Amino acid sequence: MSLIALTLMTSLSWVPIADKQALICPLAELKECLETLPASVRLQLPSTPAQFKHELGLRSAMVMPVADSHLSGLILINERETPEVQFANIDRVTYQLDLQEQSQLTLWHELGHLENLALQGSLLPENLTTYQHEWLADIYLIWRIAREKGSYHLAWQQYHRRNLAALTNAQYMSHWSAPMMIQVLNSYQVLQVAHYSQYRDFVANFYPMVTQIDPHTLGEYSSLMQRTFGQSVLQPLPEYLFWRKTELGYYLKPTFDLLMGREKARDWLLQNAML
């Protein structure tokens, strides 16, 4: 497909990704989207609408990278599944986080996957774990929010959402980017991030300095959260993974401050040896 052809299809929500283009496709317009793609690209994607829907599941968006000289991938959007609120139960109290502009944040997160894919083998390692893919997509999200909004408000919303999802269900630990996001949010002023007109330049600055979490450590955090916040009644084990409690409290504190208020959050973290 020529670049001229891509230009003619700007009404179909093509967006630049590095030196390529990605197609944003609402689920309801899947047929029309697929008709715009060359056969070589369609062969890399599911063959039927039912297969697309099966892979998407109950997610609000999904990215499908492709190997092509001009196209980086397809981003499938299902706004019906975009959440408007995030709930969490802490000590039998239900807390609610209202989500603003979540459709936009979800899209930027998915674009981040493609942007980071384009940097693998140069500024980023050739091979990344699933967890690295997810937190890097949220780092792109921070950069995009700083550029577009000039404020960290929505970045902190994503941070809180990741915390609440992880303590609610262990399956969301793969997306628990809070330990990585907070390094950017606390180390860079929003104008410093916005100063980078290209995401790749921001990656070149922050990635060599970031402290990463290995899979074993991530597993310990997951076990500690399940024991602390899980729905089943477990025998109290005050010393269980005690060496991770203070660090976990550090990551949870901004979210608990928002939901509970600083005084109550401090009391809860002290009672649970996380402060």
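*Asks:* Account for the nonpolar core, naming residues and giving values.
*Replies:* General note: in soluble globular proteins, nonpolar side chains tend to be found buried as a group. Within the largest apolar cluster, 74 residues are counted, with the highest numbers of intra-cluster contacts made by Trp-176, Phe-202, Phe-206 and Phe-256. Sort the elements by how many residues they give to this core and helix α6 (residues 130-149) lands first, with 10 residues. Contact partners of Trp-176, with chain neighbours within four places excluded, come to Tyr-131, Arg-162, Asn-163, Ala-166, Leu-218, Tyr-221, Met-225, Leu-248 and Tyr-251. Formed by 18 residues, the second largest nonpolar core is a distinct cluster that contains Leu-34, Val-41, Leu-45 and Met-62.

*Asks:* Break down the pattern of salt bridges for me, with residues and values.
*Replies:* Under the defined criterion, the tally for this structure stands at seven salt bridges. We note a salt bridge from Glu-220 to Arg-244, for which the minimum N-O separation is 2.7 Å. Of this pair, Glu-220 sits in helix α11 (residues 215-229) while Arg-244 sits in helix α12 (residues 242-260), and the two are 24 residues apart along the sequence. Residues joined in a network through salt bridges with shared partners are Glu-220, Arg-244 and Glu-247.

*Asks:* Lay out the pairing of strand β3 (residues 61-65) in plain terms, naming residues and giving numbers.
*Replies:* Burial analysis of β3 places four of its five residues in the buried class, which makes it a mostly covered element. Here β3 runs beside strand β4 (residues 71-77); their pairing, made up of five bridges, is antiparallel. Within the sheet, the bridge partner assigned to Val-63 lies in β4 and is Ile-75. Between β3 and β4, which pair antiparallel in sequence order, lie five residues.

*Asks:* So what's going on with the packing of α6 against helix α10 (residues 199-206)? Residues and values would help.
*Replies:* Where α6 meets α10, the closest approach of the two axes is 11 Å, and the angle between their N-to-C directions is 115°. Note that α6 runs across α10; the crossing there is right-handed. Residues Trp-135, Leu-136, Ile-139, Tyr-140 and Trp-143 of α6 form the contact with α10, whose own contacting residues are Tyr-199, Phe-202 and Phe-206.

*Asks:* Explain the sheet that holds strand β1 (residues 14-17) to me, and be specific about the residues and the numbers.
*Replies:* Through backbone hydrogen bonds, the strands of a sheet pair up, either in parallel or in antiparallel fashion. Read from one edge of the open sheet, four strands run β1-β2-β4-β3, paired in mixed fashion. With partners counted over all chains shown, the strands left at the sheet margins are β1 and β3, one partner each. Between one strand axis and the next, the sheet turns by 25° as a mean value, whatever way the strands run. Examined bridge by bridge, β1 and strand β2 (residues 20-26) share four bridges and lie antiparallel to one another.

Thresholds, definitions, all that
Residues numbered from 1 in each chain as written. Predicted model: local features only at pLDDT ≥ 70, side-chain atom pairs only at ≥ 80, totals over all residues. Heavy atoms only, no water. Core = buried A, V, L, I, M, F, W, Y, C linked by side-chain atoms within 4.5 Å. Buried < 20%, exposed > 50% of the residue type's maximum accessible area, 1.4 Å probe, protein only. Helix = DSSP H or I, 4+ residues; strand = E, 2+ residues; numbered from the N terminus. Contact = heavy atoms within 4.5 Å. Salt bridge = Lys/Arg side-chain N within 4 Å of Asp/Glu carboxyl O. Pairing = 2+ DSSP bridges. Axes fitted to C-alpha atoms, helices over the stretch in contact; angles between N-to-C directions. Left-handed = near helix turned anticlockwise from the far one by under 90°.

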